[in-house]
Amino acid sequence: MKRLIFALFMFGGLYTYGQSMEITSTGFVDKADKDNKYVVIEFPGIAKEQLFMGAIKFINANYERPEEITNVIQNEQIVINGHDWLKVEQGYLAGGADAQYFYKYDLQFKDGKIRFEPIFDSVRYGTHTMLSLIGKKSWSAGNSGLFKENGKVLSKKEVILVDKNINAFIQSLKEKINSVNGNNW
């Protein structure tokens, strides 16, 4: 998964066209319609069974133990309870720190469409520091969340990385399903 995310980060702003999300103080929202907590990824002419199988192949290729992190309702829904590693830059002299981004992704299938709804859990540094969605700024302990209660960003670097991660997932899923259902593999 690290290689996949790294490759997509290299392309910077290569997000899905009209199907990208961002993290806010209320959770993930569709960038195009902030009232939606999900995006619908369109695959015209592809049956839901094919979309489901393409998503399963994507998950199997990108997660070490997919059977341990997924719940599946055949041809209807896949729920992923996973985490990815983020490299958070700490400054020019300090280098970077490894953090784990924990999430839940809910994928639901219809003919020609996948409804993708991500849910943010936390970003964790080791066993002692956890950033929830909403937190406070403490001079002694640092930040405890990505956002303040008023919606202002507390942890800008982590917000940017979570946004990149979610959109890289959407783009990779879309590319995998298109390649599985096309002639190029």
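See above for the structure.
The model shown is predicted, which means the values in this text are computed figures rather than measured ones.

What counts and what doesn't
- Residues numbered from 1 in each chain as written.
- Predicted model: local features only at pLDDT ≥ 70, side-chain atom pairs only at ≥ 80, totals over all residues.
- Heavy atoms only, no water.
- Core = buried A, V, L, I, M, F, W, Y, C linked by side-chain atoms within 4.5 Å.
- Buried < 20%, exposed > 50% of the residue type's maximum accessible area, 1.4 Å probe, protein only.
- Helix = DSSP H or I, 4+ residues; strand = E, 2+ residues; numbered from the N terminus.
- Contact = heavy atoms within 4.5 Å.
- Phe/Tyr/Trp six-rings, centres within 6.5 Å; stacked < 30°, edge-to-face > 60°.
- Lys NZ or Arg CZ within 6 Å of the ring centre and 35° of its normal.
- Expected span 1.5 Å × (residues − 1).
- Pairing = 2+ DSSP bridges.

Novice: I would appreciate a short explanation of the nonpolar core in the present structure.
Specialist: A general trend in soluble globular proteins is that nonpolar side chains are found buried together. In this structure, Ile80, Tyr101, Tyr105 and Phe116 are the most contacted members of the largest nonpolar core, which totals 43 residues. Per element, the largest residue contribution to this core is eight residues, and it comes from helix α4 (residues 156-180). When neighbours within four sequence positions are excluded, Ile80 is seen to be in contact with Ile59, Tyr63, Ile69, Thr70, Tyr103, Lys104, Tyr105, Leu107 and Phe169.

Novice: How should I be thinking about the packing of aromatic side chains in this particular structure?
Specialist: The description of an aromatic ring pair uses the distance of the two centres, along with the angle that the planes make with each other. The final tally for this structure, using the stated rule, is eight aromatic pairs. Taken together, a centroid distance of 5.2 Å and an interplanar angle of 80° make the contact between Phe58 and Phe169 edge-to-face. Linking Phe58 in helix α2 (residues 48-62) with Phe169 in helix α4, this pair joins segments that are 111 residues apart in sequence. In terms of burial, Phe58 and Phe169 fall into one category: buried. Plain terms: the ring middles of Tyr103 and Tyr105 are 4.0 Å apart, the flat faces sit at 15° to each other, and that makes the pair stacked. Residue Tyr103 is classed as buried on the basis of its relative accessible area of 3%. Judged by relative accessible area, Tyr105 falls into the buried class, the value being 0%. Three or more aromatic residues joined by ring pairs make a cluster, and in this case those are Phe58, Tyr101, Tyr103, Tyr105, Phe116, Phe120 and Phe169. Lying over the aromatic face of Tyr38, Arg115 brings its terminal NZ or CZ to 3.9 Å of the ring centre. The side chain of Arg124 reaches across the aromatic face of Phe102, ending 4.1 Å from its centre.

Novice: Would you mind showing me how to read α2 here?
Specialist: Working note: α-helix, 3.6 residues per turn, so residues spaced by three or four point in the same direction. Over its 15 residues, α2 runs 21 Å from end to end, which matches the ideal 21 Å to within 8%, given 1.5 Å per residue. Every buried residue of α2 is listed here: Lys48, Leu51, Phe52, Gly54, Ala55, Ile56, Phe58, Ile59 and Asn62.

Novice: Before we go on, may I ask you to explain the pairing of strand β2 (residues 27-30) in this structure?
Specialist: The side chains of a regular strand alternate between the sheet's two faces. Inspection of the sheet shows strand β1 (residues 21-24) paired to β2 by four bridges, in the antiparallel sense. By the bridge assignment, Ile23 is partnered in β2 with Phe28.

Novice: I tried to follow the pairing of strand β7 (residues 113-125) on my own but got confused; where do I start?
Specialist: Strand direction decides the pairing type here: strand β3 (residues 39-42) and β7, joined by four bridges, are antiparallel. Bridging from a neighbouring strand, Val40 pairs with Arg115 of β7. With three bridges connecting them, β7 and strand β8 (residues 129-134) associate as antiparallel partners. Pairing of Arg124 across the sheet is with Met130, part of β8. Between β7 and β8, which pair antiparallel and follow one another directly, the connecting turn spans three residues, one of which, Gly126, has a positive phi of 65°.

Functional significance is not addressed by these values, which are geometric in nature.
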